[in-house]
Amino acid sequence: MLLDIRDKLRLDHSDIFQLNFIRNPGSFVFRRYYRSGLRSHVMAVLRPEDVRREKEGVVKDGVRWFPKAKPVKMLRIFRTRFGSLDDATQELNRVKVVEKYLAPEYMARSSEFLVDYRIHGKYETLLCGLQEYVEGEILDPWGPLDPPALWALFCRMADHETHGSGLEKDPIEKWTETVRKMAEKALTQIRKMIRDARLVPDLAGIGNLVLTPSGGIKLVDINNISEVSCVADIFCDDKGYPVCDKSVEALLLMEQKLLGRPLDKEDSVYGAFLDADRMKEVQTLETLFHRSRGVAGSSYPI
């Protein structure tokens with residue numbers, strides 16, 4: 001029996017071409033992206049000629065080297081099962097709201113679409129997205145974000161000798177200054193979205209935020225958007241994760257670490273989220289979530 005694609009642990013090129021809504025043979029190669037995780041399959045969309053050069057190599061100045069194929073787009077296939085078309089449409093509408101506040105500077109643009117997925121002799125609504133590929137390194141709100149840590153991220157994703165050659169200041173100081181300036185703009189927009197639209201995307205999961213070579217911050221995970229509510233009952237998503245509270249906490253950590261802002265318990269965005277008893281309950285829910293997944297740590301993959 002054909003296994004439902006939403007239940008598979010991972011996908012490969014052949015799995016994609018078995019889907020009834022994908023043209024076969026197609027013009028691209030699909031490769032599982034290493035940041036695939038809990039809520040969606042993420043496949044890199046590659047040009048066949050780039051994959052061929054990656055495998056066979058190219059000769060330059062008498063030396064053969066193997067350039068890694070760069071994705072043209074990212075195909076996201078969401079695991080969520082929708083009870084009705086209206087449920088799927090509501091999810092799309094939340095994505096559009098996030099785009100209104102964050103795209104294109106602070107969010108990877110994505111063309112979301114609904115398809116009739118044929119499985120076990122019937123059709124079900126499946127949400128997919130063809131998303132912009134964002135180069136960069138994972139920005140972990142819980143990790144160190146001091147100048148040496150930010151510079152280490154830069155060195156992993158860029159030729160710092162080239163990029164730093166024109167810097168009139170110390171390169172670490174200049175890079176940190178650039179990241180902080182761009183982070184202030186991005187975090188301001190997230191704050192505005194929380195206040196105005198009462199929505200927050202998942203900022204807590206590892207890999208959901210990417211620091212780009214230019215120093216910008218981009219949200220790449222848009223498939224777990226929750227309403228912001230500080231009522232007594234803590235909202236958990238369908239996996240049991242207190243995503244709203246943890247996303248607000250992630251925002252707070254980035255403001256403290258990247259912008260140097262002190263904790264303000266009277267802040268209108270944070271409000272009751274900073275209540276000590278509530279935070280203890282959130283920590284308990286988070287621990288239960290990780291135990292159910294068999295994973296240790298304070299954040300989770302996308």
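As the structure is a computational prediction, the values presented were derived from the model and not from experiment.

The rules behind each value
- Residues numbered from 1 in each chain as written.
- Predicted model: local features only at pLDDT ≥ 70, side-chain atom pairs only at ≥ 80, totals over all residues.
- Heavy atoms only, no water.
- Helix = DSSP H or I, 4+ residues; strand = E, 2+ residues; numbered from the N terminus.
- Rg over C-alpha atoms; globule rule 2.2 N^0.38 Å.
- Contact = heavy atoms within 4.5 Å.
- Phe/Tyr/Trp six-rings, centres within 6.5 Å; stacked < 30°, edge-to-face > 60°.
- Buried < 20%, exposed > 50% of the residue type's maximum accessible area, 1.4 Å probe, protein only.
- Salt bridge = Lys/Arg side-chain N within 4 Å of Asp/Glu carboxyl O.
- Pairing = 2+ DSSP bridges.
- Axes fitted to C-alpha atoms, helices over the stretch in contact; angles between N-to-C directions.
- Parallel < 35°, antiparallel > 145°, perpendicular 65-115°, else oblique.
- pLDDT = per-residue confidence, 0-100.
- Core = buried A, V, L, I, M, F, W, Y, C linked by side-chain atoms within 4.5 Å.
- Expected span 1.5 Å × (residues − 1).
- Polar contact = N/O pair within 3.5 Å; in protein donor to acceptor, adjacent residues only side chain to side chain.

**Q** I would appreciate a short explanation of the overall build of the protein in the present structure.
**A** Along the backbone of the protein there are 8 helices and 12 strands. Taken over C-alpha atoms, the radius of gyration comes to 21 Å for the protein, in line with the 19 Å a tight globule of 302 residues would show. Considered along the principal axes of its C-alpha atoms, the protein spans approximately 60 × 55 × 35 Å. Here the analysis covers contacts within the protein between residues at least 6 apart in sequence; of these, 66% occur between residues at least 24 apart.

**Q** Explanation requested: the packing of aromatic side chains in the structure shown.
**A** The geometry of an aromatic ring pair is captured by two quantities: the separation of the ring centres and the angle between the planes. One pass over the structure, following the stated rule, counts 6 aromatic pairs. Taken together, a centroid distance of 4.8 Å and an interplanar angle of 50° make the contact between tyrosine 33 and tyrosine 34 tilted. Residue classification places tyrosine 33 among the buried positions, given a relative accessible area of 13%.

**Q** Just to check I follow, could you spell out the pattern of salt bridges for this structure?
**A** Should their charged atoms come close, side chains of opposite charge can pair. Evaluation of the coordinates by the stated rule reveals 25 salt bridges. A salt bridge links glutamate 177 to lysine 181; the nearest nitrogen and oxygen atoms lie 3.3 Å apart. Of the two residues, glutamate 177 and lysine 181 are both situated in helix H6 (residues 171-197); the distance of 4 residues between them amounts to about one turn of the helix. Owing to a relative accessible area of 24%, glutamate 177 belongs among the partly exposed residues under this scheme. The salt bridge involving lysine 246 is made with glutamate 286; its shortest N-O contact spans 3.2 Å. Of this pair, lysine 246 sits in helix H7 (residues 243-259) while glutamate 286 is found in helix H8 (residues 276-293), placing the two residues 40 residues apart along the sequence. Across this residue pair, the class does not change: lysine 246 and glutamate 286 are buried.

**Q** What's the story with the sheet that holds strand S11 (residues 217-219) in this structure? I'm lost.
**A** One key point about sheets: their strands pair by backbone hydrogen bonds, in either a parallel or an antiparallel sense. In spatial order, the strands read S8-S10-S11; together these 3 strands make up an open sheet with antiparallel pairing. Only two strands of the sheet have a single neighbouring strand rather than two, namely strand S8 (137-138) and S11. With 2 bridges connecting them, S8 and strand S10 (residues 209-211) associate as antiparallel partners. Following the sheet pairing, glutamate 137 is matched in S10 by leucine 211.

**Q** Is there a simple way to explain the packing of helix H4 (residues 147-157) against H6 in this structure?
**A** Two packed helices can be described by the angle between their axes and the distance between those axes. Viewed as axis vectors pointing N to C, H4 and H6 meet at an angle of 95°, and their least axial separation amounts to 9 Å. Overall, the two elements H4 and H6 adopt an arrangement that is roughly perpendicular. Contact with H4, carried on its side by Pro147, Leu150, Trp151, Phe154 and Met157, involves Pro171, Ile172, Trp175, Thr176, Val179 and Arg180 of H6 and no other residues of that element.

**Q** Whenever I open this one, the confidence of the model for the protein confuses me. Can you help?
**A** Note: predicted coordinates in regions of low pLDDT should not be interpreted at a detailed level. With 92% of its residues at a pLDDT of at least 70, the protein reaches an overall mean of 89. When mean pLDDT is compared element by element in the protein, S11 scores highest at 97, while helix H5 (residues 160-163) scores lowest at 44. Note that pLDDT drops below 50 for residues 160-167; the model gives that stretch 7 contacts with residues more than four away or on any other chain.

**Q** Teacher, can you tell me more about the nonpolar core here?
**A** The nonpolar side chains of a soluble globular protein tend to be buried with one another. If you look at the biggest cluster of nonpolar residues, it comprises 43 residues, and the most contacted ones within it are Leu102 and Leu211. Counting only elements with at least two residues in this core, the list comes to helix H3 (85-102), H4, H6, strand S9 (199-200), S10, S11 and H7. With 8 residues, H6 is the single largest residue contributor to this core. Those residues in contact with leucine 102 that lie beyond four places of it in its chain are Met107, Gln189, Ile190, Met193 and Leu219. Counting 16 residues, the second-largest nonpolar core is a separate cluster that includes Ile5, Leu19, Phe30 and Leu126.

**Q** Honestly, the side chain of arginine 191 in this entry has me stumped. Any pointers?
**A** Relative to the helices and strands, arginine 191 is located in helix H6. Those residues in contact with arginine 191, other than ones at most four positions away along the chain, are Leu251, Glu255, Arg261, Asp267, Val269 and Tyr270.

**Q** How should I be thinking about H6 in this particular structure?
**A** Residues spaced three or four apart along an α-helix face the same direction, because each turn holds 3.6 residues. Compared with the 39 Å implied by 1.5 Å per residue over 27 residues, the 38 Å span of H6 between its first and last C-alpha is a close match. All buried positions along H6 are accounted for by Trp175, Thr176, Val179, Ala183, Ala186, Leu187, Ile190, Arg191, Met193 and Ile194. The inward-facing, buried residues of H6 contact H3, H4, S9, S10, S11 and H7. Here H6 starts with a cap whose side-chain oxygen sits 3.1 Å from the backbone nitrogen of isoleucine 172, and that cap is aspartate 170. Within two residues after H6, arginine 198 carries a phi angle of roughly 55°, on the positive side.

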